[in-house]
Amino acid sequence: MLNEMLQKDSSLSFEVFPPKKDDEFDNCFKVLDSLSELSPDFISVTYGAGGSRSKKTVEIASYIQNTLKIDAMAHMTCVGSNENDILTVANDLKKEGVSHVLALRGDKPRDMSEEQFAQRIFPHATDLIRFLNSNTSLDVSASCYPEKHPEAISIDSDIAFMKMKQDMGAKMFISQLFFDNADYYRFVERADRAGIVVPIVAGIMPITSAKQIGSTVTLAGSSVPKKLADICARYGESPEDMRQAGIAYAVDQIKDLRKCGMGHIHIYCMNKPKMTAEICRAL
Ligand code: FAD
């Protein structure tokens, strides 16, 4: 699957997350059924940073791969894991026919002490990528950050580690969400100069409520351009108008990216199939 995608100039993929409660799974499968009608190139499934709910990621990835017959990508974080934990998840995925993972370090889980975080077995995603490539036959991709990772000293050091991920065997990158395409174009140019040759997939998060912008920006460290801030100020109190304006903003971002030859798009669709379908229709 991955090799086919890597040959193409453009692709459309979605990210979903496993529900927090077990009784919400039926609904999650319905969400996936609807998303599958949009014929994405692949659907990725997030993973809890601590790894304790990894089986849920495997279960959903398996549904995508085996029931919907769409390529699944399972996220995998290593911040709270040892080698055995990682091999167990890798084997579970293999058994389900899921062969593509997004290898991540993850953020410090709330119940992990600073000391445990400092002594983690896999210090960085680079260590996980090396381990997976040496010990499994999974295809491995990785994350990147157009506005740099919040912990990075500089964009150049962050891109140097991105290059290390590629050297360790990452076959593709998916970017953190961003709202200003100019940031993304600058980043891709820098990555290119640093020797990144594998595809970089642009991560787009539609903002459909004003509240979302606060939590999203805090989490991702992405900056909010004036145009988007104005949309939130103008439509924040009017949910349907805000939803429509947020969708239109995301559609404009994607159209501009495609026009500039950046055809690989990953939509952080937040388990919202109706919104995702509206974006696809507008495209
Ligand atoms: P790393 O690549 O390890 O980078 C973390 C920091 O360390 C950066 O500042 C980097 O510059 C630096 N660094 C990298 N390599 C080295 C090295 N070898 N030596 C020294 N410094 C280094 N989180 C989840 O919990 N679950 C998910 O499913 C999930 N999915 C995500 C999907 C995408 C597309 C993205 C962009 C992020 C996702 N995250 C997810 C969030 C991610 O886990 C956090 O951003 C986390 O803080 C960093 O993970 P990473 O793999 O980028 O870390």
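Details of the structure are given in the entry above.
So, a few notes on the structure that sits alongside this text. (Residues numbered from 1 in each chain as written. Predicted model: local features only at pLDDT ≥ 70, side-chain atom pairs only at ≥ 80, totals over all residues. Heavy atoms only, no water.)

**Thoughts on the overall build of the protein chain**
- In terms of helices and strands, the protein chain carries 12 helices and 8 strands.
- The globule rule puts the C-alpha radius of gyration for 283 residues at 19 Å, and the 18 Å found for the protein chain is close to it.
- Seen along its three principal axes, the alpha-carbon backbone of the protein chain occupies a region of about 50 × 45 × 40 Å.
- Across the 283 residues of the protein chain, 54% fall into the buried class.
- Contacts spanning at least 24 positions in sequence make up 80% of the contacts within the protein chain whose residues lie at least 6 apart.
- Summed over its atoms, the accessible surface of the protein chain is roughly 13,400 Å², and 50% of this surface lies on carbon and sulfur atoms.
- In the protein chain, which carries 33 positive and 38 negative side-chain charges, the distance between the mean positions of the two groups comes to 2 Å. (Helix = DSSP H or I, 4+ residues; strand = E, 2+ residues; numbered from the N terminus. Rg over C-alpha atoms; globule rule 2.2 N^0.38 Å. Buried < 20%, exposed > 50% of the residue type's maximum accessible area, 1.4 Å probe, protein only. Contact = heavy atoms within 4.5 Å. Areas by Shrake-Rupley, 256 points an atom, 1.4 Å probe, with all protein chains shown as cover. Lys, Arg positive; Asp, Glu negative; His and termini not counted. Charge placed at Lys NZ, Arg CZ, Asp CG, Glu CD.)

**Side note on the sheet that holds strand β7 (residues 200-204)**
- Read around the closed barrel, the 8 strands follow the order β1-β2-β3-β4-β5-β6-β7-β8; overall the barrel is parallel. Taken pair by pair, the neighbouring strands of this sheet meet at an average axis angle of 30°, ignoring direction.
- The pairing of strand β1 (residues 10-16) with strand β2 (residues 42-45) spans 4 bridges and is parallel. What sits directly across from V16, in β2, is V45.
- Sitting on the sheet, helix α6 (residues 125-135) touches β3 (71-77), β4 (100-104) and β5 (139-144), and the angle it makes with β4 is about 145°. (Pairing = 2+ DSSP bridges. Axes fitted to C-alpha atoms, helices over the stretch in contact; angles between N-to-C directions.)

**Describing the environment of Y235**
- The residue Y235 is located in helix α10 (residues 226-235) in this model.
- Each C-alpha atom, one on Y235 and one on A118, is 43 Å from the other, the two residues being 117 residues apart in sequence.
- Setting aside anything within four residues of it in sequence, one finds Y235 in contact with D241, M242 and A245.

**A look at helix α8 (residues 181-193)**
- Here α8 contains 13 residues, and its C-alpha end-to-end distance of 18 Å stays within 8% of the 18 Å for a straight helix at 1.5 Å per residue.
- What α8 keeps buried is the set N181, D183, Y184, F187, V188 and A191. For α8, the arc enclosing every buried residue in end-on projection is 145°, short of the 170-degree limit, so these residues lie on one face. Looking at α8, the residues exposed on the side facing more than 90 degrees away from the buried face are E189 and R193.
- Buried residues along α8 sit in contact with β5, α7 (155-167), β6 (173-175), β7 and α11 (239-259).
- One side-chain oxygen of the residue at the start of α8 lies 3.0 Å from the amide nitrogen of A182, identifying that residue as D180.
- Phi for G195, located one or two positions after α8, is positive at around 95°. (Expected span 1.5 Å × (residues − 1). Arc of directions from axis to C-beta. Polar contact = N/O pair within 3.5 Å; in protein donor to acceptor, adjacent residues only side chain to side chain.)

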